[in-house]
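Survey of secondary and tertiary structure
Here's the letter readout for the chains.
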Amino acid sequence: MKVLVIAAHPNIEESIVNRTWIGELKEHPNITVHELYKQYPDEEIDIEREQRLCEEHDRIVWQFPFYWYSSPPLLKKWQDEVLTHGWAYGSNGDNLHNKELILAVSTGSAKEKYQAGGSNHYSMSELLKPFQATSHLIGTKFLPAFIFNGTYTATHEEIKESAKAYVNYILAEDNFE
Ligand SMILES: Cc1cc2nc3c(=O)[nH]c(=O)nc-3n(C[C@H](O)[C@H](O)[C@H](O)COP(=O)(O)O)c2cc1C
């Protein structure tokens, strides 16, 4: 199983959670870590390179901090530009079919805020629906997201533990049935 992590954090130097996750990911040879903001500081995405990278992997992870209930903009730009008609969807657009897609998301707000009656009103599952719909259109299998809520109050130990749990999760072969 070859895993590609496409990570999008606009300010990784000041990140705690995503930076810790990336450090742990890099320890594992089966995981390719692809940091969009480092690869494309001018935000000019090499579409063919991105498409080849996806084709070479079985499982794709989109990792990002939750910004305004969505991803930071470069991951959206990546979707707009890389998921082209004829490659990702439409006639002959089957290059991602049967690959797996996982979201790995950190959120500032605590878990209990993401529910009906909580201050964010909606669950993470509801808020991530546009990603799920995208996954459906491009023919990937949308696996349950890895979500780390409550980054504002998390301890160093909890963040380190989340990095290990995250890597185990995205490398697991057989627990998604
Ligand atoms: C522009 C911006 C928007 C944010 N929007 C949200 C949000 O909608 N919901 C939320 O729970 N946290 C939000 N946050 C908090 C980030 O999700 C949180 O700081 C991040 O996940 C922490 O990860 P890091 O240590 O890797 O930066 C936002 C932060 C910024 C800077």
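Residues numbered from 1 in each chain as written. Predicted model: local features only at pLDDT ≥ 70, side-chain atom pairs only at ≥ 80, totals over all residues. Heavy atoms only, no water.

**Side note on the packing of aromatic side chains**
One pass over the structure, following the stated rule, counts 10 aromatic pairs. An aromatic cluster is defined as three or more aromatic residues linked by ring pairs; in this entry it consists of Trp-21, Phe-146, Phe-148, Tyr-166 and Tyr-169. (Phe/Tyr/Trp six-rings, centres within 6.5 Å; stacked < 30°, edge-to-face > 60°.)

**Things to note about the UniProt feature "domain: Flavodoxin-like fold" (unreviewed entry) in the protein chain**
With numbering matched to this structure, UniProt assigns "domain: Flavodoxin-like fold" (unreviewed entry) to residues 1-168. Secondary structure content for residues 1-168 is 35% helix and 17% strand, and the end C-alpha separation is 13 Å. (UniProt positions renumbered as here; feature names shortened; annotations may be inferred. Helix = DSSP H or I, 4+ residues; strand = E, 2+ residues; numbered from the N terminus.)

**With respect to the site of the ligand**
As a matter of local geometry, the ligand sits amid 17 residues, with Ser-15, Asn-18, Phe-66, Ser-106 and Tyr-114 nearest to it. Within the backbone of Tyr-69, one N or O atom sits 2.9 Å away from an oxygen atom of the ligand. Compared with its free state, where it exposes 640 Å², the ligand has 76% of that area covered by protein. Structurally, the ligand is housed in the largest pocket. Residue composition of the shell around the ligand, by class: 9 nonpolar, 8 polar and no charged. (Near = heavy atom within 4 Å. Polar contact = N/O pair within 3.5 Å; in protein donor to acceptor, adjacent residues only side chain to side chain. Areas by Shrake-Rupley, 256 points an atom, 1.4 Å probe, with all protein chains shown as cover. 1 Å grid on protein atoms, 1.4 Å probe; cavity = no way out; pocket = protein on both sides within 12 Å on 5 of 7 lines; lining within 4 Å. Sits in = over half its atoms within 2 Å of the grid points. Nonpolar A, V, L, I, M, F, W, Y, C, P; charged D, E, K, R; others polar.)

**Details of the pattern of salt bridges**
Applying the stated criterion to the full structure yields 7 salt bridges. Taking the shortest distance from any N to any O, the salt bridge between Glu-35 and Lys-26 comes out at 3.2 Å. What makes Glu-35 buried here is its relative accessible area of 10%. Judged by its relative accessible area of 51%, Lys-26 is exposed. (Salt bridge = Lys/Arg side-chain N within 4 Å of Asp/Glu carboxyl O. Buried < 20%, exposed > 50% of the residue type's maximum accessible area, 1.4 Å probe, protein only.)

**Details of the nonpolar core**
The nonpolar side chains of a soluble globular protein tend to be buried, and buried together. With 30 residues, the main nonpolar core has Ile-6, Trp-62 and Trp-78 as its most contacted residues. Broken down by element, the residue count for this core peaks at 4 residues, all from helix α4 (residues 73-82). With near-sequence residues (within four places) excluded, Trp-62 lies in contact with Ile-6, Leu-75, Trp-78, Gln-79, Leu-83, Leu-101, Ile-102, Leu-103, Ala-104, Phe-131 and Thr-134. Among the nonpolar cores identified, the runner-up in size contains 21 residues, and Val-3, Val-5, Leu-25 and Val-61 belong to it. (Core = buried A, V, L, I, M, F, W, Y, C linked by side-chain atoms within 4.5 Å. Contact = heavy atoms within 4.5 Å.)

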